[in-house]
Amino acid sequence: MRRKTLVCLVCLVAVGTLASAGCGGGDREVRVATGAAGPGTTGAVDHPVPPKGGVELIPLPVLTVSIPHREPTDERWCERVTLAFTNTGPTPIASGTVTLLVHILGKTGADRGTVPFTHALPAPIAPGSTRRDTWKVCVEEGRVPPGARIETREITARPAFEDRGSGGGAPGTGGTSQR
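Every value quoted in this text rests on a predicted model; they were computed, and no experiment measured them.

**Quick notes on the environment of Arg132**
Take Arg132: it is sitting in strand β6 (residues 130–139). Each C-alpha atom, one on Arg132 and one on Ala84, is 4.3 Å from the other, the two residues being 48 residues apart in sequence. Those residues in contact with Arg132, other than ones at most four positions away along the chain, are Leu83 and Ala84.

**Examining the sheet that holds strand β4 (residues 96–105)**
Strand order in the open sheet formed by three strands is β5-β4-β7, and the pairing between neighbours is antiparallel. Edge positions in the sheet fall to β5 (111–120) and β7 (149–159), since each of these pairs with one other strand and no more. Direction aside, the axes of adjacent strands within the sheet are offset by 20° on average. As paired elements, β4 and β7 share 10 bridges and run antiparallel to each other.

**Things to note about the packing of aromatic side chains**
Inspection of the entire model under this criterion finds one aromatic pair. Judged by centre distance (6.4 Å) and plane angle (80°), the rings of Phe85 and Trp135 are edge-to-face. Here the residue Phe85 occupies a position in strand β3 (residues 78–87), and Trp135 occupies one in strand β6, the gap between them amounting to 50 residues. Here the two residues Phe85 and Trp135 agree in accessibility, since each one is buried.

**Description of the pairing of β3**
With respect to burial, β3 is a largely interior element, eight of its 10 residues being buried. The pairing of strand β1 (residues 63–65) with β3 spans three bridges and is antiparallel. Residue pairing in the sheet places Val65 in a bridge with Phe85 of β3. Two strands pair when backbone bridges link them, and strand β2 (residues 69–72) and β3 are joined in this way by four bridges, in the antiparallel orientation. If you follow Pro72 over to β3, its bridge partner there is Glu79.

**Some thoughts on the side chain of Glu151**
Its place among the elements puts Glu151 in strand β7. Here Arg149 takes part through its side chain, which lies 3.0 Å from a polar atom of the side chain of Glu151. With sequence-adjacent residues up to four places away left out, Glu151 is seen in contact with Arg70, Glu79, Leu101, Val102, His103 and Leu105.

Conventions used here
Residues numbered from 1 in each chain as written. Predicted model: local features only at pLDDT ≥ 70, side-chain atom pairs only at ≥ 80, totals over all residues. Heavy atoms only, no water. Helix = DSSP H or I, 4+ residues; strand = E, 2+ residues; numbered from the N terminus. Contact = heavy atoms within 4.5 Å. Pairing = 2+ DSSP bridges. Axes fitted to C-alpha atoms, helices over the stretch in contact; angles between N-to-C directions. Phe/Tyr/Trp six-rings, centres within 6.5 Å; stacked < 30°, edge-to-face > 60°. Buried < 20%, exposed > 50% of the residue type's maximum accessible area, 1.4 Å probe, protein only. Polar contact = N/O pair within 3.5 Å; in protein donor to acceptor, adjacent residues only side chain to side chain.

Encoded structure:
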């Protein structure tokens, strides 16, 4: 029992010494990491040091997409979809992708399946400008029985934050798409 009490007392003294000497206690000056604030920069804990040197804040582009304008074609398994893409951010959009989700609807309107189609954004899109593009999306004829139809319902657009040289988008599984 005595050893346990002595060990606990030694631990408490060691923790108290560390807290007052090395963990912010006393009148010591606190230093900020030089990689974040630059070499030789110091400051108190309650006064953060602004970054300098290699830190740069870049505003991101903001892309809005219109409601799809859909037009029927001669084939019940195809439709033409027109979208408008507006860059409301302060930086240009150099590239990106747009995904159209085409729903196959039965005679009663019941959803019988969804086919995704992915394309390249009509880029570049300058800040404050709008670009439009039209695609003919077609599902395999056999997936749309007589009396059924297709309908593009959901659109997802993702601008790329750096241009990696990706080419045009490829159509999704189960259908064809063309401009």
